[in-house]
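Here is how the chains run, residue by residue.
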Amino acid sequence: MLNETTAAPKTNAWNHRHLLDVDDFTPEEFEIVFSTADAMSEILSRPIKKVPALRGQTVVNLFYENSTRTRASFEIAAKNLSADVLNVTSTASSITKGESLIDTLKTLEALGANIIVMRHNFSGAPYLAAKHSKASIINAGDGWHAHPTQALLDLYTIRKHKGSLAGLKATIVGDVRHSRVAHSNIWGMTKLGMEVTLCGPPTLLPYGLDNPGANFPKVRVENQVEKAVANADVVMALRLQRERQQSGLLPSVREYVERYQITSERLKKAAKDVLVMHPGPVNEDIELATESAYGEKSVINEQVSNGVAIRMAILYLLSGRQGEL
Amino acid sequence: MKNFLIKGGRLVDPAQGIDGKFDIAMADGKVSWIGAGEPPKNDYTVIDATNLTVTPGFIDLHTHLRQPGFEEKETISTGTAAAARGGFTTICSMPNTNPAVDNRATVDYVKCVASREAVVRVLPIGCISKGRRGETLAELGEMAGAGVIGFSDDGSPVPGARLMKQAMEYAAGLNLPIIDHCEEPSLAEGGQINEGIVATRLGLAGIPNAAEETMIARDIALAKLTGARLHLCHISSKGSIDLIRAAKTGGLKLTAEVTPHHLTLTEERCLGYDTNAKVNPPLRTYADIEALIGALLDGTIDAIATDHAPHTENDKCCEFALAPFGISGLETAFGSLMKLVHSGKMPLPLIVEKLTAGPARVLGNGFETAGSLKVGNPADLVISDPAAEWIVETAKFASKGKNSPLAGEKLKGKVIVTIYNGNIVHEEDIR
């Protein structure tokens, strides 16, 4: 269905009906996603970026939280695969009338949804959806918990630059406690053999990592950003929500900038070919100095482009159509 | 009312120091004889308790019956039927109903419905503050006159130390305990589960141990100041145990309870976002469980109470953050606790003590008779089979609340017969 010139990935080991997080992925499953995304990248390089792989399938973007890039990325990905796409937002639906998540899912199912891409402000909501829905659920970000497609596109971007991920060192800087992106990346990176250093104000670091055990292996916490980025192959800054200051987790944004901003000076301590990443949107000159955000080491725009390929890959793999290749 | 002769069982009555093979007779709703051999002549219905355990009826210091106001979750009728199924013959009902039990009229209402519909003894608890709002004292004296056994804003702490001090001073004059839900609201705000690695994994806001411990420290200080009787609800953390143990050596009138779920389940039950494991205080860690067991063994904790908190399926079938806290616990309490016996962590007589004589001592004021099978006491009695294996089928619960994290789990240890005031109020189908 893709076309004859596109190498079809072998998907015998792909057993997921939903994509809720990457914590249950094997290294082989990551590789299936990446090789499928390679095929999708090839499609995206063509003048006409459209294939009939999901023709006749309906993809619903069910967004309980505002989003620009993730929602648009999924919409483009689904349309590139010729799916019918429906966008449902909480503010313009019966959700505002108090309709429950399960009722909403049943309605979408009755309307023929095959895949539901779901963003929700409550952690775990996609797990509830997966229990009660016949459609495949893709978690497009839930509360503070997980954002698996963002992690997959981050890992895919690193893989494109570095070849293999095993043995690489990543440093994640910022509000790790509330970052679903960081949580999924920690799982993905460590499962693929990377070491992860977390750095940020103590009030924004996750609990329980002083004794991570089997939950988060190969993770360490470092308070000083200069030490955290030393020899790092990847430095990922996280978006700082300004309300963290209002809720007493930060003395001031100014102090945060002084202590944790990724500057070109601090990046000198990292590996020479370090990749600077950010899930976006960037608060310029807060978590990243402008010259870091847009410097030659930055792959932030590539992350956005790779996101479409990764999301096409996930939609394709969950569609069950790969048997038709 | 029949007269019963229960023969061949292992009689365990910690209040009397009895643990052995004795027969027991009940006549006219009271215990009439304990011994071996021939009982006093009477027209008995004989129950063969060979290989079974015979104990006083259990006392639950902490039950949510939901009536008035939340009858879709539970009623006094269904809640007491659940109690009977769990072996409880006396339950203390928490006042967080709608309207809250914060005056004589609502106490009278609960007692009136209970006298008509309850199958076991219901002892109401009154609020500490009007409407449980933590602002002004409820009419503690009037409620005492109407028969409450203590005062609590359970479900919520009393946030202001000044009001708590006043409540303790007033309750001390009534010789009734303040029964406190210990939780510092600013530390627990927004929290869903125990603060720790599982909360991190699930991306949920945590409730730290310190939320409980700081409030316990405050209340102990106030109890010292006022001389009040203080009973601490559903203790969950090792740090709390340390505080209570130290305070008890100072001679305070301090008692405390722990729930079966905090003794047997850890925070990991929440993995997969099982809202049935969402409870307040949250399930904590193995280290906390070990401390709680140690506190039962050395007497720091006086009683095991269920904190039975029934909710509807709709209430719990939602996003984790939106689900209410609570576990429907009356019917699984004994089976859960037997895990501790079968694993060698606690002896059976101690479990029985914490379900009978222990809570009876907390109640005081003449209610001690409810916790013992002394001749002449009310015939409240439980026959249980410590070896019976059964699967927790929530659909069979007498409680309207089917919200149990143990659904589908195999337990070993089951209540077979419950007798209240000389009447069988629960009997297993298998017998």
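Residues numbered from 1 in each chain as written. Chains lettered and ligands numbered in written order. Predicted model: local features only at pLDDT ≥ 70, side-chain atom pairs only at ≥ 80, totals over all residues. Heavy atoms only, no water.

A look at the overall build of chain B
- Counting secondary structure elements, chain B contains 14 helices and 19 strands.
- For chain B, whose C-alpha radius of gyration is 20 Å, the value lies close to the compact-globule estimate of 22 Å for 431 residues.
- Here the C-alpha coordinates of chain B stretch approximately 65 × 50 × 45 Å along the principal axes.
- For chain B, the proportion of contacts with a sequence separation of at least 24, taken over those separated by at least 6, is 75%.
- As displayed, chain B has an accessible area near 14900 Å², and 50% of this comes from carbon and sulfur atoms. (Helix = DSSP H or I, 4+ residues; strand = E, 2+ residues; numbered from the N terminus. Rg over C-alpha atoms; globule rule 2.2 N^0.38 Å. Contact = heavy atoms within 4.5 Å. Areas by Shrake-Rupley, 256 points an atom, 1.4 Å probe, with all protein chains shown as cover.)

A short note on the interface of chain A and chain B
- Contacts between chain A and chain B engage 23 residues on the former and 17 residues on the latter.
- Both sides of the chain A and chain B interface together cover about 1600 Å² of buried area, and 66% of this is carbon and sulfur.
- Across the contact surface, chain A and chain B share one salt bridge.
- B:Arg201 serves as the salt-bridge partner of A:Asp23, at 3.5 Å between the closest nitrogen and oxygen.
- Where chain A touches chain B, the interface holds six residue pairs in polar contact (both at pLDDT 80 or more).
- Listed by contribution, the elements that provide at least two residues to the side of chain A that touches chain B are α3 (101-110), α4 (125-132) and α6 (180-191) of chain A.
- When residues of the side of chain A that touches chain B are assigned to their parent elements, the largest contribution, five residues, is made by α4(A).
- A class-by-class count of the residues in the side of chain A that touches chain B yields 12 nonpolar, eight polar and three charged. (Buried area = accessible area lost by both parts, 1.4 Å probe. Salt bridge = Lys/Arg side-chain N within 4 Å of Asp/Glu carboxyl O. Polar contact = N/O pair within 3.5 Å; in protein donor to acceptor, adjacent residues only side chain to side chain. Nonpolar A, V, L, I, M, F, W, Y, C, P; charged D, E, K, R; others polar.)

Notes on the side chain of B:Asn3
Residue and element names in this part refer to chain B.
- For Asn-3, the position within the fold is in strand β1 (residues 3-7).
- The exposure class assigned to Asn-3 is buried, which follows from its relative accessible area of 14%.
- Of note is the side chain of Asn-3, whose polar atom sits 3.1 Å from the backbone nitrogen of Asp-28.
- Ignoring any residue separated from it by four or fewer positions in sequence, one finds Asn-3 in contact with Met-26, Ala-27, Asp-28, Asn-42, Asp-43, Tyr-44 and Thr-45. (Buried < 20%, exposed > 50% of the residue type's maximum accessible area, 1.4 Å probe, protein only.)

A few points about the domain arrangement of chain B
Residues and elements named next belong to chain B.
- With domains assigned, chain B is organised as domain 1 (3-54 + 378-427) and domain 2 (57-371).
- With both sides pooled, the region where domain 1 packs onto domain 2 buries about 3300 Å², and carbon together with sulfur makes up 61% of that total.
- Contact with domain 2 buries area across many residues of domain 1, yet Lys-400, Asn-403 and Pro-405 alone supply 21% of it, more than any other trio.
- Run the count over domain 1 and domain 2 and you get three salt bridges.
- A salt bridge links Asp-380 to Arg-121, with the shortest nitrogen-to-oxygen separation between them at 2.9 Å.
- Run the count over domain 1 and domain 2 and you get 20 residue pairs in polar contact (both at pLDDT 80 or more). (Domains from an automatic or database assignment.)

Regarding the domain arrangement of chain A
All names here are of chain A.
- Structurally, chain A comprises domain 1 (27-147 + 306-319) and domain 2 (149-303).
- For domain 1 versus domain 2, the separation of C-alpha centres amounts to 26 Å.
- In this complex, domain 1 contributes 27 residues to the contact, which on the side of domain 2 involves 25 residues.
- Regarding the contact of domain 1 and domain 2, the summed buried area is about 2200 Å², with carbon and sulfur atoms giving 57% of it.
- Looking only at domain 1, the three residues that lose the most surface to domain 2 are Trp-144, His-147 and Asn-306, adding up to 34% of its buried area.
- On the surface where domain 1 and domain 2 come into contact, there are three salt bridges.
- The salt bridge partner of Arg-159 is Glu-31, with a shortest N-O separation of 2.8 Å.
- Where domain 1 touches domain 2, the interface holds 19 residue pairs in polar contact (both at pLDDT 80 or more).
- For the side of domain 1 that touches domain 2, the elements supplying multiple residues, two or more each, are α1 (27-44), α2 (69-80), β3 (115-120), β4 (136-142) and α12 (300-319).
- At nine residues, α1 tops the list of elements feeding residues into the side of domain 1 that touches domain 2.
- Residues that form the side of domain 1 that touches domain 2 fall into these classes: 11 nonpolar, nine polar and seven charged.

Remarks on the UniProt feature "binding site: L-aspartate" (unreviewed entry) in chain A
Residues and elements named next belong to chain A.
- Per the UniProt entry, the sites bearing "binding site: L-aspartate" (unreviewed entry) are Lys-97, Arg-180 and Arg-239 in this numbering. The annotated residues occupy 143 residues of the chain and do not converge on a single region, their most distant C-alpha atoms lying 31.7 Å apart.
- With respect to the helices and strands, the residue Lys-97 is situated in the loop between β2 (84-89) and α3.
- Accessibility expressed as a relative area gives 73% for Lys-97, which makes it exposed.
- Along the chain, the position of Arg-180 falls in helix α6.
- Non-local contacts of Arg-180, meaning those with residues more than four positions away in its chain, are made with Glu-65, Arg-119, His-120, Gly-141, Asp-142, Gly-143, Trp-144, His-145, Ala-146 and His-147. (UniProt positions renumbered as here; feature names shortened; annotations may be inferred.)

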